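Next come the chains, spelled out residue by residue.
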Amino acid sequence: MKILVCISHVPDTTSKINFTDNNTKLDANGVQFVINPNDEFGLTRAMWFKEKQGATVHVVNVGGSETEPTLRKALAIGADEAIRVNATPTDGLFVAKQLAKVMQDGAYDLVIAGRESIDYNGGMVPGMLAALTNANFVNTCIQIEVDGNNVIAIREIDGGKETLKTTLPLVIGGQKGLVEESDLRIPNMRGIMQARQKPLNIVEAITASNEMQTLSFEKPAPKGAIKMVDAENIDELINLLHNEAKVI
Amino acid sequence: MSVLVYTESDRGKLKKVALEATSYANAVAALLGTTVTAISINGGDVTELGTYGASKVLQVTNSSLEKFNAKAFADVIKQAAEKESAKVVILTSSANSKYLAPLLAVNLNASLATNVVSVPESVSPFNVKSTVFTNKAFAFTELHKEIKIIELAKNTYGLKENQTSVSSEVYEPHLEDGDFAIQVQSVDRATDKVTIADAEIVVSAGRGLKGPENWGMIEDLAKVLGAATACSKPVSDMGWRPHGEHVGQTGKPVASNLYIAIGISGAIQHLAGINSSKVKVVINNDPEAPFFKAADYGIVGDAFEIVPKLTEKLKEFKANNA
Ligand SMILES: Cc1cc2nc3c(=O)[nH]c(=O)nc-3n(C[C@H](O)[C@H](O)[C@H](O)COP(=O)(O)OP(=O)(O)OC[C@H]3O[C@@H](n4cnc5c(N)ncnc54)[C@H](O)[C@@H]3O)c2cc1C
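Residues numbered from 1 in each chain as written. Chains lettered and ligands numbered in written order. Predicted model: local features only at pLDDT ≥ 70, side-chain atom pairs only at ≥ 80, totals over all residues. Heavy atoms only, no water.

K.L.:
Please explain the overall build of chain A as it appears in this structure.
P.N.:
Helix and strand content of chain A: six helices and 15 strands. The principal-axis extent of the C-alpha atoms belonging to chain A is close to 65 × 45 × 40 Å. Accessible area of chain A: about 10,700 Å², with a carbon and sulfur share of 48%. Separation of charge centres in chain A, based on 24 positive and 31 negative side chains, amounts to 5 Å. (Helix = DSSP H or I, 4+ residues; strand = E, 2+ residues; numbered from the N terminus. Areas by Shrake-Rupley, 256 points an atom, 1.4 Å probe, with all protein chains shown as cover. Lys, Arg positive; Asp, Glu negative; His and termini not counted. Charge placed at Lys NZ, Arg CZ, Asp CG, Glu CD.)

K.L.:
Please clarify how unusual backbone geometry should be interpreted in this entry.
P.N.:
Trans is the common state for peptide bonds, and a negative phi is the common state for residues other than glycine. Residue A:Pro169 is bonded to the preceding A:Leu168 through a cis peptide linkage, with omega at -5°. Tracing the backbone shows A:Pro169 in the loop between strand 11 (160-167) and strand 12 (170-174). Here B:Ser124 and B:Pro125 are connected by a cis peptide whose omega angle stands at 0°. Summarising the element assignment, B:Pro125 is placed in the loop between strand 8 (122-123) and strand 9 (126-132). Although it is not a glycine, B:Asn42 sits at a positive phi angle of roughly 50°. The class for B:Asn42 is buried, based on a relative accessible area of 15%. Residues other than glycine seldom take positive phi values, yet B:Asn135 does so here, at roughly 70°. The exposure class assigned to B:Asn135 is buried, which follows from its relative accessible area of 17%. (Buried < 20%, exposed > 50% of the residue type's maximum accessible area, 1.4 Å probe, protein only.)

K.L.:
Is there a simple way to explain the packing of helix 5 (residues 216-225) of chain B against helix 8 (residues 303-320) of chain B in this structure?
P.N.:
Angle between the axes and distance between the axes: these two values describe a pair of packed helices. All names here are of chain B. Relative orientation of the contacting elements helix 5 and helix 8 amounts to 20°, with a least axis distance of 9 Å. It follows that helix 5 is roughly parallel to helix 8 by the angle criterion. Seen from above, helix 5 lies across helix 8 with left-handed handedness. Of the residues in helix 8, those touching helix 5 at Met217, Asp220, Leu221, Val224 and Leu225 are Ala303, Phe304, Val307, Pro308, Leu310, Thr311, Leu314, Lys315 and Lys318. (Axes fitted to C-alpha atoms, helices over the stretch in contact; angles between N-to-C directions. Parallel < 35°, antiparallel > 145°, perpendicular 65-115°, else oblique. Left-handed = near helix turned anticlockwise from the far one by under 90°. Contact = heavy atoms within 4.5 Å.)

K.L.:
Looking at this structure, how should I read the environment of B:Gly273?
P.N.:
Residues and elements named next belong to chain B. Of note, Gly273 is situated in helix 7 (residues 268-274). The sequence separation of Gly273 and Ala255 amounts to 18 residues, and the corresponding C-alpha distance is 8.6 Å. Ignoring sequence-local partners within four residues, the contact set of Gly273 consists of Thr134, Gly248, Gln249, Lys252, Pro253 and Val254.

K.L.:
Can you walk me through the site of the ligand in this structure?
P.N.:
Residues and elements named next belong to chain B. Surveying the vicinity of the ligand reveals 27 residues, the closest of which are Ser232, Ser265, Gln269, His270 and Asn284. Between the ligand and Val247 there is a distance of 2.9 Å, counted from a nitrogen atom to a backbone nitrogen or oxygen. In this structure, a nitrogen atom belonging to the ligand sits 2.8 Å away from a side-chain N or O atom of Asp302. Burial of the ligand by the protein amounts to 78% of the accessible area it has alone, namely 990 Å². (Near = heavy atom within 4 Å. Polar contact = N/O pair within 3.5 Å; in protein donor to acceptor, adjacent residues only side chain to side chain.)

K.L.:
Just checking my understanding: could you explain the domain arrangement of chain B for this structure?
P.N.:
Think of interface size as the accessible area that goes away when the parts come together; that is how it is often given. All names here are of chain B. Taken domain by domain, chain B holds domain 1 (3-180) and domain 2 (201-320). Listed by partner, the interface residues are five residues for domain 1 and 10 residues for domain 2. Here domain 1 meets domain 2 over a buried area of about 660 Å², counting both sides, of which 38% is carbon and sulfur. When residues of domain 1 are sorted by the area they lose upon contact with domain 2, Thr134, Asn135 and Asn155 head the list and together hold 68% of the total. Inspection of the region where domain 1 meets domain 2 yields zero salt bridges. (Domains from an automatic or database assignment. Buried area = accessible area lost by both parts, 1.4 Å probe. Salt bridge = Lys/Arg side-chain N within 4 Å of Asp/Glu carboxyl O.)

K.L.:
Is there a simple way to explain helix 6 (residues 234-244) of chain A in this structure?
P.N.:
For an α-helix the count is 3.6 residues per turn, leaving residues at separations of three or four pointing the same way. Along helix 6 of chain A, the residues that are buried comprise A:Ile234, A:Leu237, A:Ile238, A:Leu240 and A:Leu241. In an axial view of helix 6 of chain A, the angular spread of the buried residues amounts to 160°, which keeps them on one side of the axis. Turning to helix 6 of chain A, the residues buried within the fold contact strand 15 (227-228) of chain A together with strand 16 (258-262), strand 17 (279-284), strand 18 (297-300) and helix 8 of chain B. A:Lys246, located one to two residues past helix 6 of chain A, shows a positive phi value of around 55°. (Arc of directions from axis to C-beta.)

So this is what it looks like as structure tokens:
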């Protein structure tokens, strides 16, 4: 089985988000970039397929050269090869079209992406990729087993979960559950050394028109002051929630 | 040319988010000088959609669509959009809508905007405002394609009545075998509980509760309020609560009217995911807990004393205000 794991290069979850150039660009100053958390769960599940079922695992990112350390980290965790599509990702469909080309050229059976990237939160790339390549698609996937061409996947739904049966080729939008938090791997020295020798192939982007364009960003208005209620005066809290906030 | 809204239902009953989406569609239609058509799939009684401004409902009743199937549902909505020559399609941000939206966008060759929080800033060019960086910022985006799909973020527009005389039409889309390449084998859900996605109130607890055996008081409080229960990430990582209850940046988002955080410190990743809740209450014994900077109301004190008292007082309040 050939697995392609899509790796989004995103600001670390603790980052303060600021913008530059007249609020048109993310200010990357002082921001540490990491593998998108949803993708990291998927990558770790892919390593399981590699170790238990002999799968080959490639990772891919659509981005500039600044994303290479993130791809190297994925190689250090254990992926066999990395691909960087050399382009500035402008919108979800643009990225999905680049990935569709990579998926088809590499004849991958299973593509593991994250349910969403924690930067632009679009949540659209995996589904668009599936639609463009005519592959099956399972979103918010929290468990996957592959036996030959057959797949059993579990998807999180609002208020529960659903067990689905399908076949390869398949794209999933994954998240925590694919593996547990405690299964995530921190690259060790040996992995980091090996990663330096592994191929990181740079491919040129195909042309694709923009379907949308972000014009500017804005930060939320600062929050008003909190009202403190004395622990001995719970009636006051109920009163505030009822008469002031009107939520109960 | 009408604005098409997909009005989701759950086991034959329209969801509240569907009514919010219809209200929103009505505002978009007003900007475009057109009307709202709703598409309902096994949605049961749809007359309520007229209350929120739909003038036509395409009603699909089909046993093969009894269970949600993203590809088939996207195919139905695509055909409805084409039939209505809709240039704008409105979806909610439920798990199912988020699942089908990208498939629909490719099928319709449309621009897709997700997490949209308000009516378009303008319709020509078509600009929308949405949340990005998990609620840490907003983006203003211009949609270029002729057809636009908007995923409305929950609880941002609200329900707005606009009584309209609504006509209902039986609609039979054409389905193909390929639409069912994914089969649902089983669905496992707690039927007696409010889901975090649909809840008006969410009661959430963290590591401050010390252990899974102490969640009884959280469930009691949630029960009085008709609330969903949620938890912080470490609580689900340690197996105290199921993963489905984990909220925050890497868990479920919460956009309820009221979010009550008990024994949760308020880490940045937690706050990012719950920030779009309207009113936040925090109960924590550490006055320095960062959550106090992000909340609207706070009590410093021991959760084990405060929560049972709060539950009792709320029971009295509910009894007096019933
Ligand atoms: C990549 C990444 C992603 C993450 N994503 C998420 C996410 O999506 N959601 C999330 O929640 N976290 C997330 N986290 C974890 C986050 O950083 C915090 O560790 C976590 O939110 C802390 O959970 P907590 O508040 O329950 O526990 P703690 O931080 O341990 O806080 C417990 C609180 O309980 C209070 N307390 C103790 N006893 C009592 C008492 N008797 N009465 C009242 N209060 C009491 C304490 O004062 C303390 O403030 C993420 C972390 C990383 C690195």
